[in-house]
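For reference, the chains in residue letters:
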Amino acid sequence: MATSDHLHRPPEEPDKSMADDVPDRAWSRTPSPFKHPDAGLKGIDHYQKRLPKWRYRLRQQLIPIVRLETPYLARFQEICRSPVLDSYFAMTANLGTHTFFMAGLPVCFWCGYRESGIAMVHMLAAGVYLSGYVKDMLCLPRPLSPPLQRITMSGSAALEYGFPSTHTTNAVSVAIYLLFKLHTASPDMSPMVYYSLAGGLYCYAISISIGRMYCGMHGFFDVIFGGLLGGLIAWIRIAFGPAFDAWIVTGGGLSLGIALLILGFAVRFHPEPADNCPCFDDSVAFTGVVMGGLIAWWDFPIRTTMTVEGVASLKSPEDYLKMVVRIVSGIIIVFLWRAIAKPTLLRCLPPIFRFVDHWGFRLPRRYFLQARYYQSVPALRKDDNVIPPASEIPSMLSKTRKRTISIGPQSEADVREFIANRAQQRRNSRSSENVTRRRTRSKPSVRPQQPAIDDVLASPSSDEAVDYLDAIKPSRTERTLHVQPTDINLLTPPLSDAGASSDSGKEDEQEDRNMFSALDKPRIRYDVEVITKLVVYAGIAWLAIEGNPLLFETVGLF
């Protein structure tokens, strides 16, 4: 499937106008097989050219659903919008982001909830990867803005495709799994605690799901499919997760190797998107998390027999102090690892990639520059949507205190959908006009019975004769053009293929150029970033599950 997507077509080089962070020497080398993308003005056939036929046909079957629900979503916003709800849904959306879960998952392992922690890792990784897989495979846009207004605190979220909602997938899978764990522990809880926690989990999943529609980021179709996908992932984890964890531990290196090989294939055969969408980056990051988590889960029982009890077992202030120290020091170690490993890999991998490329092995991706076209990777901006650098944490936290409301396209996919939707509306309008015209022509003309002209002229009332002659007299336009009244519509200039006249087409083209120029230009992405993400995030997972707990045991924090 993925072979037809990216093995036989060269990736496309990003526009040089966007390459503000690429050294000049990266573009001064021998001509590359890349092609500069068009200005995006031919939005109608953009996906037909860039997608395999079966994916394009499937997209064409589903795109009417997105367009059909847009006016209903706009009406929903119009009825429900208020400043309080704007802030609430924008804030709670952060509880479904990759960054929130990646910040919280290590705490599960450092506070004694290893089984729940590894389950959450697997479910969230599956949710991010599978939803990203479907997004890049179908390339379905988000609901059109305008008429919708988008309320968000994350600038990167709007750059992804719309279907399905990853926020909803993650929220539903986590809520269902925790409800299952809550139910199994209910005999040891008071009814008030049980129902309070269960109600909170239901509110969490419902709030995230409705909030995605309220904020104009997703439609009903996106949220419903995302919720079903999240429910399926949670069911698989509940039904087969413990057996899989045991298979990794007891199967020796063979079971671990098989699992890592499957994950490698999952990265290699991720669908190519038609636009510059960051879904693949997030999928790679969480695949790396699972890789590192599996290695740690397999190796940890070999190195130690340590068991860590949950928060409920803490008895003294010293126990609570140790837990806080574990959390703070563990987070510091994770950021130190990222700060050291990432630049080191970006510096060392390009020569290795060029050597491997010489022998015909490469990782071709449409929007990733291959190592043979650059010497080194410059300092990157906005290089991570999952765990940002420590230097960006203050600005990221400041953004969580304010929401932004935007109207208009925010990504290439948005602009192309705006163009395609405009053309579709014009085709529909033209089609309805043609239908009306055909009905008018086919309908027999029934005129009221009128007296013969000779009878009228012979009438003693001269006023009646004058009125009749004025009624049947051709208009000035008809006398000049020598045409029948029913043929006047044939004189209208024909519309272009895009559904506009030539003058209107020029205006549309200029408007389209303005929309594309107003977008934030995506930075150049490098092929070495794929392996870098895998290694960095595998290291983060290993530190969370094995490395830091072993260190804490050594220094007496457990």
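Residues numbered from 1 in each chain as written. Predicted model: local features only at pLDDT ≥ 70, side-chain atom pairs only at ≥ 80, totals over all residues. Heavy atoms only, no water.

### Focus on the overall build of the protein chain
Along the protein chain, the regular secondary structure elements total 19 helices and four strands. Taking all 558 residues of the protein chain together, the buried fraction comes to 47%. When contacts within the protein chain are restricted to residue pairs at least 6 apart in sequence, long-range pairs at least 24 apart make up 85% of them. When the accessible surface of the protein chain is totalled, it reaches about 28,700 Å², and 64% of it is carbon and sulfur. (Helix = DSSP H or I, 4+ residues; strand = E, 2+ residues; numbered from the N terminus. Buried < 20%, exposed > 50% of the residue type's maximum accessible area, 1.4 Å probe, protein only. Contact = heavy atoms within 4.5 Å. Areas by Shrake-Rupley, 256 points an atom, 1.4 Å probe, with all protein chains shown as cover.)

### Notes on the packing of helix 9 (residues 220-250) against helix 10 (residues 252-268)
Where helix 9 meets helix 10, the closest approach of the two axes is 6 Å, and the angle between their N-to-C directions is 125°. Relative to helix 10, the element helix 9 is oriented oblique. Where helix 9 approaches helix 10, its residues Trp 247, Ile 248, Val 249 and Thr 250 are matched on the opposing element by Gly 252, Ser 255, Leu 256, Ile 258 and Ala 259. Tallied by class, the residues present in the contact of helix 9 with helix 10 amount to six nonpolar, three polar and no charged. (Axes fitted to C-alpha atoms, helices over the stretch in contact; angles between N-to-C directions. Parallel < 35°, antiparallel > 145°, perpendicular 65-115°, else oblique. Nonpolar A, V, L, I, M, F, W, Y, C, P; charged D, E, K, R; others polar.)

### Structural notes on the nonpolar core
Counting residues in hydrophobic clusters, the biggest one holds 65 residues, and the most contacted among them are Leu 294, Tyr 374, Val 377, Tyr 526, Val 528, Val 530 and Tyr 537. In contact with Leu 294, not counting residues within four places along its chain, are His 122, Phe 244, Ile 248, Leu 256, Ala 259 and Leu 263. Counting residues in each nonpolar core, the second largest holds 10 residues, with Tyr 133, Met 137, Phe 163 and Ala 266 among its members. (Core = buried A, V, L, I, M, F, W, Y, C linked by side-chain atoms within 4.5 Å.)

### Brief notes about a nonpolar patch on the surface
Together, Leu 68, Tyr 72, Phe 220, Ile 224 and Leu 228 line one region of the surface with nonpolar side chains, adding up to about 560 Å² of accessible area. Listed by contribution, the elements that provide at least two residues to the nonpolar patch are helix 3 (53-80) and helix 9. Tallying contributions element by element places helix 9 first for the nonpolar patch, with three residues. Counting through the fold element by element, Leu 228 comes out in helix 9. (Patch = residues over 30% accessible without salt bridge, like charges linked within 9 Å, V, L, I, M, F, W, Y side chains within 5 Å. Salt bridge = Lys/Arg side-chain N within 4 Å of Asp/Glu carboxyl O.)

### Some remarks on the UniProt feature "transmembrane region" (unreviewed entry) in the protein chain
Feature annotation in UniProt places "transmembrane region" (unreviewed entry) on residues 158-180, 192-211, 223-240, 246-267, 279-300 and 320-340, given in this structure's numbering. Note that residues 192-211 is 100% helix and 0% strand, and that its end C-alpha atoms are spaced 27 Å apart. Secondary structure across residues 320-340 divides into 100% helix and 0% strand, with the first and last C-alpha atoms of the span separated by 31 Å. (UniProt positions renumbered as here; feature names shortened; annotations may be inferred.)

### What about the environment of Pro 141?
The residue Pro 141 is located in the loop between helix 6 (114-138) and strand 1 (150-152) in this model. Remark: the alpha-carbon pair of Pro 141 and Val 415, spanning 274 residues in sequence, is separated by 9.6 Å. Apart from residues no more than four positions distant in its own chain, Pro 141 is found in contact with Arg 59, Ile 63, Val 66, Gly 162, Ala 413 and Glu 417.

### Section: the packing of aromatic side chains
Applying the stated criterion across every chain, the model contains 12 aromatic pairs. Taking 4.8 Å as the distance between ring centres and 50° as the angle between the ring planes, the aromatic pair formed by Phe 163 and Phe 225 counts as tilted. Within this pair, whereas Phe 163 is found in the loop between strand 1 and helix 7 (166-184), its partner Phe 225 is found in helix 9, the two being separated by 62 residues in sequence. Grouped by ring-pair contacts, the aromatic residues Tyr 88, Phe 89 and Tyr 214 constitute a single cluster. Note that Arg 268 overlies the ring of Phe 269, its terminal NZ or CZ placed 5.5 Å from the centroid. (Phe/Tyr/Trp six-rings, centres within 6.5 Å; stacked < 30°, edge-to-face > 60°. Lys NZ or Arg CZ within 6 Å of the ring centre and 35° of its normal.)

### Description of the pattern of salt bridges
The full count for this structure, using the stated rule, is eight salt bridges. Measuring nitrogen to oxygen at the nearest pair gives 3.2 Å for the salt bridge that ties Arg 372 to Asp 357. Of this pair, Arg 372 sits in the loop between strand 2 (368-369) and helix 13 (393-399) while Asp 357 sits in helix 12 (residues 317-358), and the two are 15 residues apart along the sequence. Of the residues examined, Arg 372 reaches a relative accessible area of 22% and is grouped as partly exposed. Asp 357 sits in the buried class, given a relative accessible area of 14%.

### Structural notes on unusual backbone geometry
A cis geometry characterises the amide bond from Ser 145 onward to Pro 146, with omega recorded as -10°. Tracing the sequence through the fold places Pro 146 in the loop between helix 6 and strand 1. In this model, Pro 146 is joined to Pro 147 through a cis peptide bond whose omega is 15°. You will see that Cys 139, though not glycine, has its phi angle at about 55°, which is positive. Topologically, Cys 139 is positioned in the loop between helix 6 and strand 1. On the accessibility criterion, Cys 139 (0% relative accessible area) is buried.

### Description of the environment of His 218
Turning to its location among the elements, His 218 is positioned in the loop between helix 8 (191-214) and helix 9. Owing to a relative accessible area of 1%, His 218 belongs among the buried residues under this scheme. In the structure, His 218 is positioned 68 residues away from Arg 150 in sequence and 9.5 Å away in space, judged by C-alpha atoms. A polar contact of 3.4 Å, which involves the side chain of His 218, links it to the side chain of Asp 222. (Polar contact = N/O pair within 3.5 Å; in protein donor to acceptor, adjacent residues only side chain to side chain.)

### Remarks on the packing of helix 4 (residues 83-92) against helix 8
In a packed pair of helices, the relevant descriptors are the angle between the two axes and the axis-to-axis distance. Relative orientation of the contacting elements helix 4 and helix 8 amounts to 120°, with a least axis distance of 9 Å. Put simply, helix 4 runs oblique to helix 8. Every pair of crossing elements has a handedness; the one defined by helix 4 and helix 8 is left-handed. Within the contact between the two elements, helix 4 uses Leu 85, Asp 86, Tyr 88, Phe 89 and Thr 92 and helix 8 uses Ser 207, Ile 208, Ile 210, Gly 211 and Tyr 214. Tallied by class, residues from the contact of helix 4 with helix 8 come to six nonpolar, three polar and one charged. (Left-handed = near helix turned anticlockwise from the far one by under 90°.)

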